[in-house]
Amino acid sequence: MAQMDGEYVPVHDLRLTYPCGEAPDANGAVEVAQGVFWLRRPLPFSLAWINVWLLEDGDGWTLVDTGIGDTPSKKAWDDAAASVLKGRPINRIICTHMHPDHIGCAGYLSRRYNAPLMMTPLEYITARMLVADTGRQAPKEGMDFYRAAGLDDAALELYRSRFGGFGSGVTPLPESYLRLSEGDELLIGRRTWRVVLGNGHSPEHACLWEPEGKLLISGDQILPRISSNVSVHPTEPEADPLLDWLDSCRKLRDFLPEDALVLPAHNEPFRGVHVRLDNLLSGHQKKLDRVWSRLAEPKRVVDLYGAMFARDIGDDPHALAAGETLAHLHRLIGEGRVKRSVGHDGVWRYQQA
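Residues numbered from 1 in each chain as written. Predicted model: local features only at pLDDT ≥ 70, side-chain atom pairs only at ≥ 80, totals over all residues. Heavy atoms only, no water.

**Here we look at the pairing of strand 11 (residues 215-219)**
Then step 1. Counting buried positions over the 5 residues of strand 11 gives 5, a clear majority of the element.
Then step 2. A two-sided burial pattern is seen for strand 11, the buried positions comprising Leu215, Ile217 and Gly219 on one face and Leu216 and Ser218 on the other.
Then step 3. With antiparallel pairing between neighbouring strands as the criterion, strand 10 (residues 205-210) and strand 11 make up a hairpin whose turn holds 4 residues, including Lys214 at a positive phi of roughly 55 degrees.
Then step 4. Where strand 11 lies against strand 12 (residues 261-264), 4 bridges are found, and the strand directions are parallel. Paired with Ile217 across the strands is Leu263, a residue of strand 12.
Then step 5. In the classification by handedness, the crossover that spans strand 11, the intervening helix 7 (residues 241-255) and the parallel strand 12 is right-handed. (Buried < 20%, exposed > 50% of the residue type's maximum accessible area, 1.4 Å probe, protein only. Helix = DSSP H or I, 4+ residues; strand = E, 2+ residues; numbered from the N terminus. Pairing = 2+ DSSP bridges. Right-handed = clockwise from strand over helix to strand, strands pointing away.)

And the structure:
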């Protein structure tokens, strides 16, 4: 799930290179390294594609991420059985994290190929929790959370009407999974991949690092042209996910060599990972400073969208914008730069400390 704008993160940094050529079409694959294939699956969003990665694995394949669980994505997998998979089975499915564009077809493919699902525990458990919200009414805690952020009645109604929609993009998940943890090593074909975790965009995001080929399957943890969404949600209203995100960016910058080939979930494979991580870190710092500069007088969350986003969010979900804005406000509170109060109307207001 991409950030709503890229104002503070260069969209076309000329220091990044894209060595893998044209993206595959919906029915094709591009071999980006020996035994490592780049596929794409369609998405019903403004972000129209997700990259998934097919790794040669003995007599079959290991699949990393699956696409959303809708009819076009399932059809693409049905069509791929002969043309891309060449009649060979998927032996296991690895999902970097729990968002529907990554995990949506996991259940469908797991049952079709009798393939186990591999994830980190928090991602699997969170996915199961969100799927269980399907058909439920929006909880009072959620309505109160966004009301305190200053959302008006129309925006609250949009949140209410869309609550529980997570499950619509996820085929029924397997009832069990195989745990991935930091530092695990997976022998897949002739390559050994190491699990490297990141946080902030999702609870326990797994990247896969292959040191011999200097390959990183990054999921949404590092994207070349857009910045991943980092938000506070009603389920953990006092969280500081931006701290987790910034720490993860620093961790990955220290861990990865500059000439790594990054295989992201969106946009093209690229080199220049240190440059990109520096851009992400400096971009969020600029946002923090810009939000802080608007807080000489008390402001609501919704009053700060102009400091956060490069455009009027218009009809975009205000819950998403509020969550990103709150992530930056909570980081400023954590740094001691901002304080929060509650007005007579029950709405939070933020001011320079």
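**Some words on the environment of Ser341**
Then step 1. Here Ser341 shows up in strand 14 (residues 338-342).
Then step 2. By relative accessible area, which is 40% here, Ser341 ends up partly exposed.
Then step 3. For the pair formed by Ser341 and Gln351, sequence separation is 10 residues and the distance between their alpha carbons is 8.3 Å.
Then step 4. When near neighbours in sequence (up to four residues on either side) are disregarded, Ser341 contacts Val347, Trp348 and Arg349. (Contact = heavy atoms within 4.5 Å.)

Note that all results are geometric; they support no functional claim without further evidence.
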